[in-house]
Amino acid sequence: RGITFIDVKDGKKTLDEFVAQLNIGELEAITRGDYEMNSPLCAVGNAGAYGGVLGSLRDKGVDAICTTDGPSGIRLRASASLLPIGTLLASTFDTELVEKLYSVLATEMKDRGSDVLLAPGMNIHRNMLCGRNFEYYSEDPLLAGKMAAGMVRGIQFQHIGASVKHFAANNKETNRKHSDSRISERALREIYLKGFEIAAKDAQPMSIMTSYNLINGVHAANCYDTCTKAASDEWGFAGAIMTDWTTTNVQIQGECTAAGCMRAGNDMVMPGMEEDHENIRKELKEGTLDIRELKRCIYNTVNIILQSNQYEEAVSYENQFDGLGEWLTVK
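Residues numbered from 1 in each chain as written. Predicted model: local features only at pLDDT ≥ 70, side-chain atom pairs only at ≥ 80, totals over all residues. Heavy atoms only, no water.

Visitor: I'd like to hear about the packing of aromatic side chains, residue by residue, with values.
Guide: Each aromatic ring pair is described using two quantities: the centre-to-centre distance and the angle formed by the ring planes. Taken as a whole and assessed by the stated rule, the structure comprises three aromatic pairs. Relative to Phe18, the ring of Phe5 lies with its centre 4.9 Å away and its plane at 50 degrees, an arrangement referred to as tilted. Note that Phe5 is positioned in helix 1 (residues 5-9) and Phe18 in helix 2 (residues 15-20), a separation of 13 residues in sequence. Above the plane of the ring of Tyr35 lies Arg32, whose end atom (NZ or CZ) is 4.1 Å from the centre. (Phe/Tyr/Trp six-rings, centres within 6.5 Å; stacked < 30°, edge-to-face > 60°. Helix = DSSP H or I, 4+ residues; strand = E, 2+ residues; numbered from the N terminus. Lys NZ or Arg CZ within 6 Å of the ring centre and 35° of its normal.)

Visitor: I'd love a proper account of a nonpolar patch on the surface, names of residues and values included.
Guide: Residues Ile85, Leu88 and Phe134 make up a contiguous nonpolar surface patch of about 270 Å² in total accessible area. Note on placement: Phe134 falls in the loop between strand 3 (116-118) and helix 7 (141-156). (Patch = residues over 30% accessible without salt bridge, like charges linked within 9 Å, V, L, I, M, F, W, Y side chains within 5 Å. Areas by Shrake-Rupley, 256 points an atom, 1.4 Å probe, with all protein chains shown as cover. Salt bridge = Lys/Arg side-chain N within 4 Å of Asp/Glu carboxyl O.)

Visitor: Describe in detail the pairing of strand 2 (residues 64-69), supporting the description with residues and values.
Guide: Of all six residues in strand 2, six are buried; the element is thus mostly enclosed. The two faces of strand 2 match: Ala64, Cys66 and Thr68 on one face and Ile65, Thr67 and Asp69 on the other face are all buried. When strand 1 (residues 48-51) meets strand 2, the two strands line up antiparallel, connected through four bridges. Bridge assignment links Gly48 to a residue of strand 2, and that residue is Thr67. Pairing analysis gives three bridges linking strand 2 to strand 3, with the strands arranged parallel. Directly across from Thr68, in strand 3, lies its bridge partner Leu117. (Buried < 20%, exposed > 50% of the residue type's maximum accessible area, 1.4 Å probe, protein only. Pairing = 2+ DSSP bridges.)

Visitor: Before we move on, could you go through the sheet that holds strand 8 (residues 218-219) and cite the residues and values that matter?
Guide: Spatial strand order, 5-7-8: three strands in an open sheet with mixed pairing. At either end of the open sheet lies a strand with only one pairing partner, and these are strand 5 (180-181) and strand 8. As paired strands, strand 7 (residues 214-215) and strand 8 are joined by two bridges and run antiparallel to one another. From the neighbouring strand, Leu214 faces strand 8, where its bridge partner is His219.

Visitor: Can you tell me about the packing of helix 7 against helix 9 (residues 194-203), naming the residues and giving the values?
Guide: The N-to-C vectors of helix 7 and helix 9 enclose an angle of 35 degrees; their axes lie 8 Å apart at closest approach. With respect to the hand of their crossing, helix 7 and helix 9 are arranged in right-handed fashion. Contact residues: Pro141, Leu142, Gly145, Lys146, Ala148, Ala149, Val152, Arg153 and Gln156 in helix 7; Lys194, Gly195, Ile198, Ala199, Asp202 and Ala203 in helix 9. In the contact of helix 7 with helix 9, the residues fall into eight nonpolar, three polar and four charged. (Axes fitted to C-alpha atoms, helices over the stretch in contact; angles between N-to-C directions. Left-handed = near helix turned anticlockwise from the far one by under 90°. Contact = heavy atoms within 4.5 Å. Nonpolar A, V, L, I, M, F, W, Y, C, P; charged D, E, K, R; others polar.)

Visitor: Go over the layout of surface pockets with me, naming the residues and quoting the values.
Guide: One number sums up the size of the largest pocket: a volume of about 250 Å³. What lines the largest pocket is a set of 14 residues, and nearest its centre among them are Asp69, Arg132, Lys165, Tyr212 and Asp244. For the lining of the largest pocket, the per-class residue count stands at five nonpolar, two polar and seven charged. There is about 180 Å³ of room inside the second largest pocket. What lines the second largest pocket is a set of 13 residues, and nearest its centre among them are Glu185, Leu188, Cys223, Asp225 and Thr226. When residues of the lining of the second largest pocket are traced back to their parent elements, those giving at least two are helix 8 (185-192) and helix 10 (224-234). Its residues assigned to classes, the lining of the second largest pocket shows seven nonpolar, three polar and three charged. (1 Å grid on protein atoms, 1.4 Å probe; cavity = no way out; pocket = protein on both sides within 12 Å on 5 of 7 lines; lining within 4 Å. Points joined across faces, edges and corners; volume = space filled by probe spheres on them.)

Visitor: Explain empty space enclosed by the protein to me, using residue names and the numbers behind them.
Guide: On inspection of all chains with the given rule, the structure shows one cavity of 30 Å³ or more. Taken as a whole, the largest cavity encloses approximately 30 Å³ of empty space. Lining the largest cavity we find Tyr50, Ile65, Val116, Met206, Ile304, Ile305 and Ser308. Looking at side-chain class alone, the lining of the largest cavity contains six nonpolar, one polar and no charged residues.

Visitor: An account of the nonpolar core is needed here, citing residue identities and associated values.
Guide: Nonpolar side chains tend to gather and get buried jointly when the protein is soluble and globular. Ranked by internal contacts, the top residues of the largest apolar core, which has 52 residues, are Tyr102, Leu117, Tyr137, Met151, Phe167 and Trp235. Broken down by secondary-structure element, the contributors of at least two residues to this core are strand 2, helix 5 (86-90), helix 6 (95-112), helix 7, strand 4 (161-167), helix 8, helix 9 and helix 10. Examining the composition of this core, we find that eight residues originate from one element, helix 7, more than from any other. Counting residues in each nonpolar core, the second largest holds 41 residues, with Leu15, Ala47, Met262 and Leu294 among its members. (Core = buried A, V, L, I, M, F, W, Y, C linked by side-chain atoms within 4.5 Å.)

Visitor: Which residues make up the confidence of the model for the chain, and what are the values?
Guide: Looking at the chain as a whole, the pLDDT averages 89, with 92% of positions reaching at least 70. In the model of the chain, helix 14 (residues 324-330) stands out as the element of lowest mean pLDDT, 43, in contrast to helix 9, which has the highest, 98. The low-confidence segment residues 314-331, where pLDDT is below 50, has 26 contacts with residues more than four positions distant or belonging to other chains. (pLDDT = per-residue confidence, 0-100.)

Visitor: Help me get a handle on the pattern of salt bridges, residues and values and all.
Guide: Evaluation of the coordinates by the stated rule reveals 21 salt bridges. When the shortest N-O distance is used, the salt bridge between Arg182 and Asp180 registers 2.4 Å. Taking relative accessible area as the criterion, Arg182 reaches 65% and is therefore assigned exposed. In this structure, the salt-bridge partner of Arg263 is Glu283, at a minimum N-O distance of 2.6 Å. Separated by 20 residues along the polypeptide, Arg263 in helix 11 (residues 258-264) and Glu283 in helix 12 (residues 274-286) bring together distant segments of the chain. Salt bridges sharing common partners tie together Arg132, Glu135, Lys165, Glu173 and Arg176.

Right, here's the structure in full:
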């Protein structure tokens, strides 16, 4: 079975050596999810799995990573706590409270078998009619960034992953996969990207999720300027970037492709489709996707898997709720 993840964790082998031994099929599999929501590889009611989606990867010690929707709690078939919506939390201006609240959620995620919370959602309240405003924070990028950073810190103290979304300029739900946010460079940086920048620098989330919309004519998942130049190069973001679910589906096929996501700096296509598999294979063969670009994506993804609660000792679930009621009452 070759080099295992445990060998890497124990320091016997490097992550580079682990990635170097993977065949094309295994490399391609790590760039996508398990093709479906409610994957049989993890807790019932999940949003999808990634990582060990092939038996050969699991044989090498790569577990399937379970994603669940948020942000107001976790969405699984098992019972779970319901948390206040993002807008209400932001109205407290209390990042310490948000961090405490989501550290409790993290212990619940660990107990329920969830590895990654697809949250926080933190786009700007540009229009009061946006269908996702309830899970976003504010019209102010500073407040949104600070609140999101507090939430990420709370989630990740248990080695649970947070996935900050929707990156970027997702301001409406209607026609969201074709909507084009036309924004000047100054407005983009000072308003629409600023909150993400603050969250990335202050809390270093394990992942960022790109949005469905276009940004100045380029789909967000295929946008090199935001995914690589801004997030990775300028902000020092060291996690993995994933697409929103079915971003590359038939509706926008040809405009937003899996290989295009890889070139842009998007590391994972979620939850993945057969078309994505075929597109990556085709472009590798034609040379329009470099194997080094693919391996960079794999490295980023397996690196955050290694940081997850599957491979780190997490804080005990017992008594983590003690005192929270008093905390919330005092606050």
